[in-house]
Each structure stands twice: as structure tokens, then as C-alpha cells.
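One letter stands for each residue in the lines below.
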Amino acid sequence: MLMLPGPAADDVTTDAIVVPTGAAGRIARGLDLLEHGRARRMLVTGTAPGVTRADLARVAGHARTIACCVDLGAEAVDTRGNAEETAAWVRAHGYRTIRLVTSDWHARRARLELGSALGRDVTVVVDGVPSFPTIGQAMNEYHKLLLRRVVLWWAAIA
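Residues numbered from 1 in each chain as written. Predicted model: local features only at pLDDT ≥ 70, side-chain atom pairs only at ≥ 80, totals over all residues. Heavy atoms only, no water.

## A word on the overall build of the protein
Thought 1: For the protein, the count of helices and strands is six helices and five strands.
Thought 2: Starting at the N terminus and walking to the C terminus, you meet the elements of the protein as β-α-β-α-α-β-α-β-α-β-α.
Thought 3: Taken over the C-alpha trace, the protein has a radius of gyration of 15 Å; the compact-globule value for 158 residues is 15 Å, and the two agree within 12%.
Thought 4: When the 158 residues of the protein are sorted by exposure, 41% land in the buried category.
Thought 5: Counted over contacts in the protein with a minimum sequence separation of 6, partners at least 24 positions apart contribute 77%.
Thought 6: On the protein, roughly 8,600 Å² of surface is accessible, and the fraction owed to carbon and sulfur atoms is 59%. (Helix = DSSP H or I, 4+ residues; strand = E, 2+ residues; numbered from the N terminus. Rg over C-alpha atoms; globule rule 2.2 N^0.38 Å. Buried < 20%, exposed > 50% of the residue type's maximum accessible area, 1.4 Å probe, protein only. Contact = heavy atoms within 4.5 Å. Areas by Shrake-Rupley, 256 points an atom, 1.4 Å probe, with all protein chains shown as cover.)

Next comes the structure, spelled out in C-alpha cells:
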């Protein structure tokens, strides 16, 4: 628990890539993996309402890849919402394996929420984008992780 998850091996291929919006480096990492054939499609979950692929291409580049292979999800406003939005997208496409690209400090809780929303039928590869969280960010995220584990555990036994 003391080590933050790092990037998954670059040679790992999954059906899709999922990138929750948030900290820097996530979308760039996802697009790079997509362009190198590590998945067929990518979901950016938690985009602001009204954001289009053209908007994303203006900011992130990769216009051709975004136009053909990136979906935008605007329903989520938090990590749990990202997981629910992702689970619906994964089911709609019939994916069996996904790579979750998120900040290293956020990866464990995002994986927990995603696993809860997806169930056991989908394999999730965690790809932590290296970052430098403050002590406050790290402690806040750790407490959120603990709380969600307790809530999910309680729901499972209730």
C-alpha cells in the first residue's frame, strides 16, 4: 500500500482504454497507448458537458486518433460516476479487458470503484500515471479509499 501503482507494461494489450478526466498526463498517456495499438478504443469519462472530440483534439492533439477511436462520457462528476459510466460503456461494447489510465495516487480507489461497477467478468489493468501528490492529497485519497472499502464491504454483507 505504500507504493503507488506505476504504468502497466507498454506491451500489454486490452480491448479498450479508460481515462477519467482529472490530473495532467492521463489523456496523453491514453492517446499514446491507443496510437501504439494497445487497444482498439478509448473512453474519456467525466468530460464537461458540451465538450466535443474537436475540442479535445485542439487541446491534446492526435486529431485523427480522437476522431476515429475516442468516446467522450459526460455523465460522471466523481470517481464512482466514472466507474458507472465506464461500466455501461464496457457492457455496450462487449469488452472483456480494459486498461484504466489514471494518476498513480488515484489508481487504487478508481480500480476499486470500477471493479465494483463491472463485477468479475472484465479484467482491469491499472496504468498509474506518475505524479507528485502533496501529503494532503495522498492522505485525502487514502481516507476516501478506506471509506469506500468499508462501504462496499458493508453493502456486500448486508
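## A closer look at the sheet that holds strand 2 (residues 41-45)
Thought 1: Here five strands make up an open sheet; going across it, the order is 3-2-1-4-5 and the pairing parallel. Two strands bound the open sheet, and with one partner strand each, they are strand 3 (70-73) and strand 5 (123-129). On average, each strand axis in the sheet is tilted by 20° relative to the strand beside it, whichever way the strands run.
Thought 2: Examined bridge by bridge, strand 1 (residues 16-20) and strand 4 (residues 97-103) share three bridges and lie parallel to one another. The residue of strand 4 that forms the bridge with Val18 is Leu100.
Thought 3: Across the sheet, helix 4 (residues 79-93) is in contact with strand 1, strand 2, strand 3 and strand 4; its angle to strand 2 comes to roughly 155°. (Pairing = 2+ DSSP bridges. Axes fitted to C-alpha atoms, helices over the stretch in contact; angles between N-to-C directions.)

## Brief notes about the UniProt feature "domain: DUF218" (unreviewed entry) in the protein
Thought 1: With numbering aligned to this structure, UniProt lists the feature "domain: DUF218" (unreviewed entry) at residues 15-122.
Thought 2: The span residues 15-122 is 48% helix and 19% strand, and its two end C-alpha atoms sit 10 Å from each other. (UniProt positions renumbered as here; feature names shortened; annotations may be inferred.)

## A short note on a nonpolar patch on the surface
Thought 1: Residues Val150, Trp153, Trp154 and Ile157 make up a contiguous nonpolar surface patch of roughly 480 Å² in combined accessible area.
Thought 2: Here Trp154 lies in helix 6 (residues 135-157).
Thought 3: According to the relative accessible area criterion, Trp154 is exposed, its value standing at 54%. (Patch = residues over 30% accessible without salt bridge, like charges linked within 9 Å, V, L, I, M, F, W, Y side chains within 5 Å. Salt bridge = Lys/Arg side-chain N within 4 Å of Asp/Glu carboxyl O.)

## Details of the state of the cysteines
Thought 1: Summed over the entire model, instances satisfying the criterion amount to one disulfide.
Thought 2: Cys68 shares a disulfide with Cys69; S-S distance 2.1 Å. Between Cys68 and Cys69, the S-S dihedral sits near -80°, and the bridge is therefore left-handed.
Thought 3: Residue classification places Cys69 among the buried positions, given a relative accessible area of 17%. (Disulfide = S-S within 2.5 Å.)

## Comments concerning the packing of helix 4 against helix 5 (residues 107-118)
Thought 1: The interhelical angle for the contact between helix 4 and helix 5, taken along N-to-C directions, is 45°, at an axis separation of 8 Å. When the axes of helix 4 and helix 5 are compared, the pair comes out oblique. Remark: the crossing between helix 4 and helix 5 carries right-handed chirality. Within the contact between the two elements, helix 4 uses Thr79, Arg80, Ala83, Glu84, Thr86, Ala87, Val90 and Arg91 and helix 5 uses Arg109, Ala110, Glu113, Leu114, Ala117 and Leu118.
Thought 2: Looking at side-chain class alone, the contact of helix 4 with helix 5 contains seven nonpolar, two polar and five charged residues. (Parallel < 35°, antiparallel > 145°, perpendicular 65-115°, else oblique. Left-handed = near helix turned anticlockwise from the far one by under 90°. Nonpolar A, V, L, I, M, F, W, Y, C, P; charged D, E, K, R; others polar.)

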